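Read off the chains here:
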Amino acid sequence: MESLNPWWKGKEAFEEDEDYKKWRQSSVRWVPQLLEEIELEAPALHFLFGPRQVGKTTLLKLLIGKLLQVVDNPRAIFYYRCDLLADYKELNSVLMEYLKIKRNEVLRVSFIFLDEVTFPREWYRAIKYMVDRGYLQNDIVVLTGSLSMYAKREVETFPGRRGRGRDYVLYPLSFREYIKVSRPDLYGKLEEIRDFSPKEIREKCLKLIPWREELNKLFETYLVTGGFPLAVKTYLENRSISREVKETYLSAFLYDLAKLRRNEAIAKRVIKAIIEKLPSPVSLNSIAKEFEIRSHKTVFQYLDLFEKLFIAKNLYFVDPDKAVEVFYKERKVHLTDPFLYEVFSEWCHVQKPDESKIVESVVATHLARRFRVGYWRNRTEIDVILPDLSLGFEIKWAEKTKLYPKSIGKIKNIVYLTKEEFSDEPLAVPTSVFLSCLKL
């Protein structure tokens, strides 16, 4: 226990923490926005979700470093790696041991960080017991784990037990965050789109015209690395991503599948369908038939699972007159990060999608982190719709494109996202410039 909490020897010993040392010594360092957003008022039972290998442990250590600057007694901060434990009984024993330390130190409030809490079998039984007995009533508890606990709905077993607790999601780096990591000098010049009116989008993007070429080059590399920290770090240091890095992310995905007792062969076929059909709308029946999956219900279950694991995002057809999704119509399915197209294309032995298709995925999944998203298609198409804002985006990824004013039903404003072009009527801005202004 002491070895995992070196700051108990004194606040300065935090520098000895292995995870913090790796972060500090890295040539590519990322400080997630969530560091400023996690509320630390007791009582609270927080859950921190995120894909594997996205940096949840590093975020916890940065949060501990921040807390050490304000707490009087460093023993008020307790961190434990739960992948060292077999079941809820061992987790319960660890927590009881820390509570003894808390009593001996006469600590009124503690900050308890349980990393990879889903490893011990039936982990939630230990947490429920502690909450129900009132042992954590003055504490802030942060639990991290794979998205399997979200997919298995284990988080829903804590009704009325979470105090001020919230759910937090740590996503891979957005393109804006990627710029902050790779070109901090350029990041300081970026605007931020706030109300998403066409006028604001135009004004904020126009201010970045002098840096359009630099933003385009950065976007080209982002389409290779995506936002997973290890892939970004490896590429920025070596200008390539090794097979070992790709296998690290694939292994993490396969581990979640095994833990959730899902069939790897079926998962592979569904992901193959996502890649090969991108960005066309597809039906569950067509996927089942073409990729030899027994039932459309099975396809639905796996697409739903991939969304819960933050692997894929489903975009449903939006009725433009009512601005609501129509769930029985065909859907578009995007992988949530461009790096995943590299990983899964190799795994499924299929060709990686064209750059233009991946660009549409990046736009759709970036906007989906913040808004309700969908698409519309009839004789023409709107690639991404934000029905709550009556706003649509059409991606035109070519050197020269035909642009013309468009509106459908309640979706009155359509913004074209291009490769290079700016235009006032209709409104068109380069994709890289727009995404650089998108704070998520």
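Residues numbered from 1 in each chain as written. Predicted model: local features only at pLDDT ≥ 70, side-chain atom pairs only at ≥ 80, totals over all residues. Heavy atoms only, no water.

Participant: I'd like to hear about the UniProt feature "domain: DUF4143" (unreviewed entry) in the protein chain, residue by residue, with values.
Facilitator: Following the UniProt record, the feature "domain: DUF4143" (unreviewed entry) maps to residues 256-397 here. The distance from the first to the last C-alpha atom of residues 256-397 is 35 Å, and the span holds 44% helix and 25% strand. (UniProt positions renumbered as here; feature names shortened; annotations may be inferred. Helix = DSSP H or I, 4+ residues; strand = E, 2+ residues; numbered from the N terminus.)

Participant: Help me get a handle on the sheet that holds strand β6 (residues 312-319), residues and values and all.
Facilitator: The seven strands are arranged β7-β6-β8-β9-β10-β11-β12 in an open sheet whose pairing can be described as mixed. This sheet does not close on itself; its edge strands, each paired only once, are β7 (324-335) and β12 (428-430). Strand-to-strand twist in this sheet, taken as the mean axis angle between neighbours without regard to direction, amounts to 35°. Relative to β7, β6 runs antiparallel, the two sharing eight bridges. Opposite Tyr316, over in β7, you have Arg331 as the bridge partner. (Pairing = 2+ DSSP bridges. Axes fitted to C-alpha atoms, helices over the stretch in contact; angles between N-to-C directions.)

Participant: Any details on helix α4 (residues 123-132)? Residues and values, ideally.
Facilitator: Inspection of α4 places Trp123, Ala126, Ile127 and Met130 among the buried residues, and these make up the whole buried set. Angularly, the buried residues of α4 cover 95° about the axis, an arc narrow enough to put them on a single face. Phi for Gly134, located one or two positions after α4, is positive at around 80°. (Buried < 20%, exposed > 50% of the residue type's maximum accessible area, 1.4 Å probe, protein only. Arc of directions from axis to C-beta.)

Participant: Account for the sheet that holds strand β2 (residues 77-81), with residues named and values stated.
Facilitator: The five strands are arranged β2-β3-β4-β1-β5 in an open sheet whose pairing can be described as parallel. Both outer strands of the open sheet, β2 and β5 (167-169), are each paired with one neighbouring strand and no more. Strand after strand, the sheet turns through a mean of 15° between neighbouring axes, direction not considered. Relative to strand β4 (residues 140-144), strand β1 (residues 44-49) runs parallel, the two sharing five bridges. Within the sheet, the bridge partner assigned to Ala44 lies in β4 and is Ile140.

Participant: Please give an account of the domain arrangement of the protein chain that cites residues and values.
Facilitator: Where interface size is given, it is often the accessible area lost as the parts come together that is meant. Domain annotation for the protein chain reports domain 1 (1-167) and domain 2 (173-435). The centre of domain 1, based on its C-alpha atoms, is set 32 Å off from the matching centre of domain 2. If you look at the interface, domain 1 gives 18 residues, while domain 2 gives 20 residues. In total, domain 1 and domain 2 occlude about 1800 Å² of area from one another, counting both sides; carbon and sulfur atoms represent 68% of this. Our count for the domain 1 to domain 2 interface comes out at three residue pairs in polar contact (both at pLDDT 80 or more). (Domains from an automatic or database assignment. Contact = heavy atoms within 4.5 Å. Buried area = accessible area lost by both parts, 1.4 Å probe. Polar contact = N/O pair within 3.5 Å; in protein donor to acceptor, adjacent residues only side chain to side chain.)

Participant: Help me get a handle on the side chain of Asn314, residues and values and all.
Facilitator: Note on placement: Asn314 falls in strand β6. Accessibility expressed as a relative area gives 3% for Asn314, which makes it buried. One polar contact links Asn314 to Glu307, side chain to side chain, over a distance of 2.5 Å. Polar side-chain contacts of Asn314 include one of 3.2 Å to the side chain of Arg331.

Participant: Tell me about the nonpolar core, and name the residues and values.
Facilitator: With 152 residues, the main nonpolar core has Leu114, Phe344, Leu367 and Phe434 as its most contacted residues. Mapped onto the domain boundaries, this core takes at least three residues apiece from domain 1 (1-167) and domain 2 (173-435). The residues contacting Leu367, other than those within four sequence positions of it, are Phe196, Val373, Val384, Leu386, Phe393, Phe434 and Leu438. (Core = buried A, V, L, I, M, F, W, Y, C linked by side-chain atoms within 4.5 Å.)

Participant: How would you explain the environment of Gly226 if you had to name every residue and give the values?
Facilitator: Mapped onto the elements of the fold, Gly226 is located in the loop between α9 (212-225) and α10 (229-238). We classify Gly226 as buried; its relative accessible area is 0%. When the C-alpha positions of Gly226 and Ile395 are compared, they lie 19 Å apart, and in sequence the two are 169 residues distant. Ignoring sequence-local partners within four residues, the contact set of Gly226 consists of Tyr178, Val232, Asp337, Pro338 and Phe339.

Participant: Pulling in residues and values, what's your account of a negative patch on the surface?
Facilitator: On the surface, Glu220, Asp354, Glu355 and Glu420 cluster together to form a negatively charged patch. On the secondary structure map, Glu220 appears in helix α9. (Patch = residues over 30% accessible without salt bridge, like charges linked within 9 Å, V, L, I, M, F, W, Y side chains within 5 Å. Areas by Shrake-Rupley, 256 points an atom, 1.4 Å probe, with all protein chains shown as cover. Salt bridge = Lys/Arg side-chain N within 4 Å of Asp/Glu carboxyl O. Lys, Arg positive; Asp, Glu negative; His and termini not counted. Charge placed at Lys NZ, Arg CZ, Asp CG, Glu CD.)

Participant: An account of the environment of Tyr249 is needed here, citing residue identities and associated values.
Facilitator: Turning to its location among the elements, Tyr249 is positioned in helix α11 (residues 243-259). Exposure remark for Tyr249: the relative accessible area of 6% places this residue in the buried category. Linking Tyr249 and Phe339, residues 90 residues apart in sequence, is a C-alpha distance of 9.7 Å. Each residue touching Tyr249, except ones within four places of it in the same chain, is listed here: Arg52, Gln53, Phe228, Pro229, Leu230, Ala231 and Phe339. Among the polar contacts made by the side chain of Tyr249, one reaches the main-chain amide nitrogen of Leu230 at a distance of 3.3 Å.

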